[in-house]
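Chain by chain, the residues run as shown.
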Amino acid sequence: MPCHHTTIGADGKCQDVCQRQIYTAVLTKADGTSANYEAFTDAWNAAIDNEGSTLKLLCDIYLGSSGEYLLEADGGNFTLDLGSRTLDGSAVNSIIRITGTADIKITNGKVENKFDGSGSSLTSTGANAVRVENGAALTLEGVEFTAGSNKNTRGSAIYVMSGSLAASDSVFVGMTMIVMLNSEISVKLTSSEFRYGITYGYVGEEKEYETVSAFFADGNMFFDGDGKYIDITDDSLWEGIVLQNFGH
């Protein structure tokens, strides 16, 4: 029987004959008005254009695959509420790239890069869930980020280069990569889990103990997988590879 979708529930599903997921997301603007969207990319673009809005997922969303980025924002100030759902796709670079004047908050759910190219080239900086560049700002609350991988390498769950990151109660499956360029970076980490650790890249030879210690909010410390306290001033932590003048 044909279905005219005359009744659609708060979850975005047709309540009539077909029971199909009609809407994937709802955008609530700063003035309290809201609009439903069938295509998530349309909802994403509308959020960028509406400062102070909240974009909420109504279902799990698969964004497809790309050699670069699946979602990008070079401006906008909004909240992406994942609604305890998963936003995923397959990208060699990142699922989400925020840059420029973008100031975005992501809460309550998962962002997963499903890239699994066993025969493809992948570096530890690739296959991100999210990449932050060129002064953009990202705030995370209760989010799990998962990086893609191939047979030999797991990418970075998040890659921050010249921008700011504030994360609380979040989980990072894949390296957390933080690169300091011209001191244009701000990082604050609270009550979060870094399953592949943190790699810090910086210019120069002097070890930046105070800079890394300042990543952790007051009262927070860093522990390894066995619960052992990690001392940032332990020189063995700073004996990684020097690549392109960045110390790790």
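A cluster of like negative charges, contributed by Asp231, Asp234, Asp235 and Glu239, occupies part of the molecular surface. Among the structural elements, Asp231 can be located in the loop between helix H2 (209-213) and strand E18 (242-243). For Asp231, a relative accessible area of 36% corresponds to the partly exposed category.

Here we take up the pattern of salt bridges. One pass over the structure, following the stated rule, counts 7 salt bridges. Lys114 is paired through a salt bridge with Asp88; the nearest N and O atoms lie 3.9 Å apart. With a gap of 26 residues between them, Lys114 in the loop between strand E8 (103-113) and strand E9 (128-133) and Asp88 in strand E6 (residues 77-91) connect regions that are remote in the sequence. Residue Lys114 is classed as partly exposed on the basis of its relative accessible area of 39%. Lys105 is the partner of Glu141 in a salt bridge, and the nearest nitrogen-oxygen pair spans 3.3 Å. Taken together, the residues Glu141 in strand E10 (residues 137-146) and Lys105 in strand E8 connect sequence positions 36 residues apart. Through salt bridges with shared partners, a single ionic network connects Glu72, Arg97, Arg131 and Glu133.

Following the sequence through the fold, Phe222 ends up in the loop between H2 and E18. Distance in space between the C-alpha atoms of Phe222 and Thr233 is 12 Å, their sequence separation being 11 residues. In contact with Phe222, other than residues within four places in its own chain, are Phe194, Ile198, Phe216, Lys228, Tyr229 and Ile230.

What counts as what
Residues numbered from 1 in each chain as written. Predicted model: local features only at pLDDT ≥ 70, side-chain atom pairs only at ≥ 80, totals over all residues. Heavy atoms only, no water. Patch = residues over 30% accessible without salt bridge, like charges linked within 9 Å, V, L, I, M, F, W, Y side chains within 5 Å. Areas by Shrake-Rupley, 256 points an atom, 1.4 Å probe, with all protein chains shown as cover. Salt bridge = Lys/Arg side-chain N within 4 Å of Asp/Glu carboxyl O. Lys, Arg positive; Asp, Glu negative; His and termini not counted. Charge placed at Lys NZ, Arg CZ, Asp CG, Glu CD. Helix = DSSP H or I, 4+ residues; strand = E, 2+ residues; numbered from the N terminus. Buried < 20%, exposed > 50% of the residue type's maximum accessible area, 1.4 Å probe, protein only. Contact = heavy atoms within 4.5 Å.

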